[in-house]
Number of protein chains: 2
Amino acid sequence: MKCIASRDNADVKHIVKLMKSTSYRNEHKSFVTEGTRLCSDALESGINIEKAVFTEKAAKKYSDLYKKLEKASKSTIILTEKLFSQISDTKTPQGVLCVCRAELKKLRIEKGEVYLGLECIQDPSNMGTILRTAEALGVKGVIMSRDCCDILSPKVLRGTMGAAFRIPVKFSENITDDIEKCRSKGIASIATVLHENSVPITEISEADKKSCILLIGNEGNGLKAETVEKCSIKAVIPMTGKAESLNASAAAAICMWELLRR
Amino acid sequence: MKCIASRDNADVKHIVKLMKSTSYRNEHKSFVTEGTRLCSDALESGINIEKAVFTEKAAKKYSDLYKKLEKASKSTIILTEKLFSQISDTKTPQGVLCVCRAELKKLRIEKGEVYLGLECIQDPSNMGTILRTAEALGVKGVIMSRDCCDILSPKVLRGTMGAAFRIPVKFSENITDDIEKCRSKGIASIATVLHENSVPITEISEADKKSCILLIGNEGNGLKAETVEKCSIKAVIPMTGKAESLNASAAAAICMWELLRR
């Protein structure tokens, strides 16, 4: 197989743009996963793989993965080590990436499960950690407002450890509509907010804990007033320190845990 | 007051090195806090401030803070906007920073409290989040191995939201010795580890929860075998997702919460 060495190669240019630009990803309904772990995760999760990209060394070193990805993808290309490290998003690239179709698991909201609602989460590290934690703890799906950071960016995908491929996600034009839909199905909606009517997260009833959507807001500003207003429950994490505030991903982890711990 | 415009100024060179280099910080026993929030936090926490640094605009805009810091610090200097943004660690600098003495709160281990032990935490975002969460939830102090990332780096300090100034910290040459000391005082030591003898974190006795040190290991490799061996309890966070793993800061948040929730 011919080994591509030039950044001017059309495939390479496409990959670089997919890695860098949210709008380009949206336009082409594709994204890039890098590294053996994420590429295996994408494959195992049934993500449609358009192109497998290896260095020669990586094709030998990870020959099992190479065979699987070559079989699953429409085409496979080989890049020189130098070119691969130029386009890679990591400091020590493994020499493996895939171009994937942006078709994530569809979300269905049902009573008796715990869901997560994210409003305007901006930091890719927080987003990655939140999705990873949600999947690990057993959250059934995530509704996120359109102004959240792109979950298909290389940095978020790395942080999720593949959870983005496995947990159903819905991108919402209007999160209050989704809260209303939950309400009509008898699902509690829990706003995490410091509010005069807020209850400690530990005091939410067992019935509500078992069937709810937990809403987490923007890192700096929290949830929007209209979102808080729409929720059936306002809850806080009781804190004792002087800071009395938590990073969004730590707050999300504690709330999800509190709802799902048995 | 004369306005400094040159990167060759001795004070400016000192500040830049303090922001960039852990060894330089150790050598000079000083560090830099940037921004109104962290500088106020340092002042309120009784941190010894060696030098206050403002732009002219910031000195006017934050005149209360300027007066307080000018009074508290040994000297105050003014930088041009251009020079300040060149040396700043943030994208939109506020024009305020302080050079501080690296004298953090001393840790005393006592029965009846919850402590945190960190072994080889490498990621500054994780470290910042962990310290912020620890303080917010009421952890009484942190013991950290020398191979953890430097908590006085600008990135960690930003993530802590000032918690690093308020929570007592001990840097440990040998964390197993500290675990042994805890044991001799009747304090439980809890290793977070996937081990054949691990119990769910929810099943730790109330007595142990009230008086313990919780140990969190390196992001990739977890705790060292000898550290796990030394601990009186091995515990896991029960998980249901396919990933079955959590980011170190999310795992730490959930475990601290579980130990401290009342």
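Residues numbered from 1 in each chain as written. Chains lettered and ligands numbered in written order. Predicted model: local features only at pLDDT ≥ 70, side-chain atom pairs only at ≥ 80, totals over all residues. Heavy atoms only, no water.

### With respect to the relation of the copies chain B and chain A
- Superposing chain B onto chain A takes a rotation of 180 degrees combined with a translation of 0.0 Å along the rotation axis, leaving an RMSD of 0.0 Å. Seen this way, the second copy is the image of the first under a two-fold rotation axis.
- Here 100% of the interface residues in chain B have copies in chain A that are interface residues too; the copies meet face to matching face. (Least-squares fit on C-alpha atoms with pLDDT ≥ 70 in both. Contact = heavy atoms within 4.5 Å.)

### Things to note about unusual backbone geometry
- Residues other than glycine seldom take positive phi values, yet C120 of chain A does so here, at roughly 55 degrees.
- Inspection of the secondary structure assignment puts C120 of chain A in the loop between β6 (114-118) and α7 (124-137).
- Note on C120 of chain A: relative accessible area 18%, which makes it buried.
- Despite not being glycine, M161 of chain B has its phi angle at roughly 55 degrees, a positive value. (Helix = DSSP H or I, 4+ residues; strand = E, 2+ residues; numbered from the N terminus. Buried < 20%, exposed > 50% of the residue type's maximum accessible area, 1.4 Å probe, protein only.)

### Quick word on the pairing of strand β9 (residues 188-192) of chain A
Residues and elements named next belong to chain A.
- Most of β9 is tucked away, with 4 of its 5 residues classed as buried.
- Here 4 bridges tie β9 to strand β11 (residues 212-216), and the two strands are oriented parallel to one another. Bridged to A188 within β11 is C212.
- Summarising the sheet, β9 and strand β12 (residues 233-236) pair through 3 bridges and their orientation is parallel. When the sheet's bridge partners are listed, T192 is paired in β12 with A235. (Pairing = 2+ DSSP bridges.)

### A short note on the confidence of the model for chain A
- Here chain A averages 95 in pLDDT, and 99% of its residues register 70 or above.
- Confidence estimates for the predicted assembly give a pTM of 0.93 and an ipTM of 0.91. (pLDDT = per-residue confidence, 0-100.)

### Concerning the sheet that holds strand β7 (residues 141-145) of chain A
All names here are of chain A.
- Spatial ordering of the open sheet is given by β8-β7-β6-β11-β9-β12-β10, a layout of 7 strands whose pairing is parallel. Across the chains shown, the open sheet's two edge strands, defined by having one partner strand only, are β8 (169-172) and β10 (199-200).
- In the packing of α7 onto the sheet, the strands contacted are β6 and β7, and the crossing angle to β6 comes to about 170 degrees.
- Together, β6, β7, β8, β9 and β11 form the strand contacts of helix α10 (residues 175-184), whose direction differs from that of β8 by roughly 125 degrees. (Axes fitted to C-alpha atoms, helices over the stretch in contact; angles between N-to-C directions.)

### Points about the nonpolar core
- Counting residues in hydrophobic clusters, the biggest one holds 128 residues, and the most contacted among them are L116, L118 and M127 of chain A together with F54, L116, L118 and M127 of chain B.
- Look past the residues within four positions of L118 of chain B in its chain and what remains in contact with it is M127, I130, V142, I143, M144, S145, C148, I175 and I216 of chain B. (Core = buried A, V, L, I, M, F, W, Y, C linked by side-chain atoms within 4.5 Å.)

### Here we look at the side chain of R166 of chain A
- Tracing the backbone through its elements, the reader meets R166 of chain A in helix α9 (residues 163-166).
- Within polar-contact distance, the side chain of R166 of chain A engages the side chain of E135 of chain A at 2.9 Å. (Polar contact = N/O pair within 3.5 Å; in protein donor to acceptor, adjacent residues only side chain to side chain.)

### As for the sheet that holds strand β12 (residues 233-236) of chain B
All names here are of chain B.
- Here we have 7 strands laid out as an open sheet, ordered β8-β7-β6-β11-β9-β12-β10, and parallel in their pairing. Only two strands of the sheet have a single partner each, and these edge strands are β8 (169-172) and β10 (199-200).
- Relative to strand β7 (residues 141-145), strand β6 (residues 114-118) runs parallel, the two being bridged by 4 bridges. Bridged to L116 within β7 is V142.
- Seen against the sheet, helix α13 (residues 248-260) touches β6, β9 (188-192) and β11 (212-216) and runs at an angle of roughly 165 degrees to β11.

### Side note on helix α3 (residues 36-44) of chain B
- Among the residues making up α3 of chain B, those that are buried are T36, L38, C39, D41 and A42 of chain B.
- Looking at the packing, one finds that the buried side of α3 of chain B touches β2 (30-34), α5 (63-72), β5 (96-101), α8 (154-160) and α9 (163-166) of chain B.

### Some thoughts on the interface of chain B and chain A
- Between chain B and chain A, the residue contacts involve 27 residues of the former and 27 residues of the latter.
- For the pairing of chain B and chain A, the buried interface totals around 2,600 Å² over both sides, and the portion due to carbon and sulfur atoms is 56%.
- Of all residues in chain B, the largest losses of buried area upon contact with chain A belong to R132, A136 and W257 of chain B, amounting jointly to 22% of the total for that side.
- Where chain B touches chain A, the interface holds 2 salt bridges.
- For R261 of chain B, the salt bridge goes to E258 of chain A, with nearest N and O atoms at 2.6 Å.
- The interface formed by chain B and chain A contains 14 residue pairs in polar contact (both at pLDDT 80 or more).
- At the level of secondary structure, the elements contributing two or more residues to the side of chain B that touches chain A comprise α7 (124-137) and α13 of chain B.
- Of the residues forming the side of chain B that touches chain A, the biggest block, 6 residues, is contributed by α7 of chain B.
- Looking at the side of chain B that touches chain A residue by residue, the classes come out as 12 nonpolar, 8 polar and 7 charged. (Buried area = accessible area lost by both parts, 1.4 Å probe. Salt bridge = Lys/Arg side-chain N within 4 Å of Asp/Glu carboxyl O. Nonpolar A, V, L, I, M, F, W, Y, C, P; charged D, E, K, R; others polar.)

### Topic: the state of the cysteines
- Summed over all chains, the structure comprises 0 disulfides over all chains.
- We note that C212 of chain A lacks a disulfide partner, and the nearest cysteine sulfur, in C182 of chain A, lies 9.3 Å from it.
- Left without a disulfide partner, C148 of chain B is nearest to the cysteine sulfur of C120 of chain B, which lies 6.6 Å away.
- Judged by its relative accessible area of 11%, C148 of chain B falls in the buried class. (Disulfide = S-S within 2.5 Å.)

### As for the packing of α7 of chain B against α13 of chain B
Residue and element names in this part refer to chain B.
- Two elements in contact, α7 and α13, have axes separated by 9 Å at closest approach and are oriented at 10 degrees. Classed by the angle they form, the pair α7 and α13 counts as roughly parallel. On α13, the residues touching N126, T129, I130, T133, A134 and L137 of α7 are A248, S249, A252, A253, M256, W257 and L260.
- Its residues assigned to classes, the contact of α7 with α13 shows 9 nonpolar, 4 polar and no charged. (Parallel < 35°, antiparallel > 145°, perpendicular 65-115°, else oblique.)

### Quick look at α13 of chain B
Residue and element names in this part refer to chain B.
- In a regular helix each residue adds 1.5 Å, so 13 residues correspond to 18 Å; α13 covers 18 Å between its end C-alpha atoms and thus fits that length.
- α13 sits mainly inside the fold: 13 of its 13 residues count as buried.
- The residue sitting at the N-terminus of α13 and contributing the capping side-chain oxygen is N247; that oxygen lies 2.6 Å from the backbone nitrogen of S249. (Expected span 1.5 Å × (residues − 1).)

### Quick notes on the pairing of strand β3 (residues 49-55) of chain B
Residues and elements named next belong to chain B.
- Along β3, 7 of the 7 residues are buried, which leaves the element largely enclosed by surrounding structure.
- Of the strand pairs in this sheet, β3 and β5 are connected by 5 bridges, and their pairing is antiparallel. Bridge pairing links I49 to C100 in β5.
- One ladder, built from 5 bridges, connects β3 with strand β4 (residues 75-79); its direction is parallel. Bridge pairing links K51 to S75 in β4.

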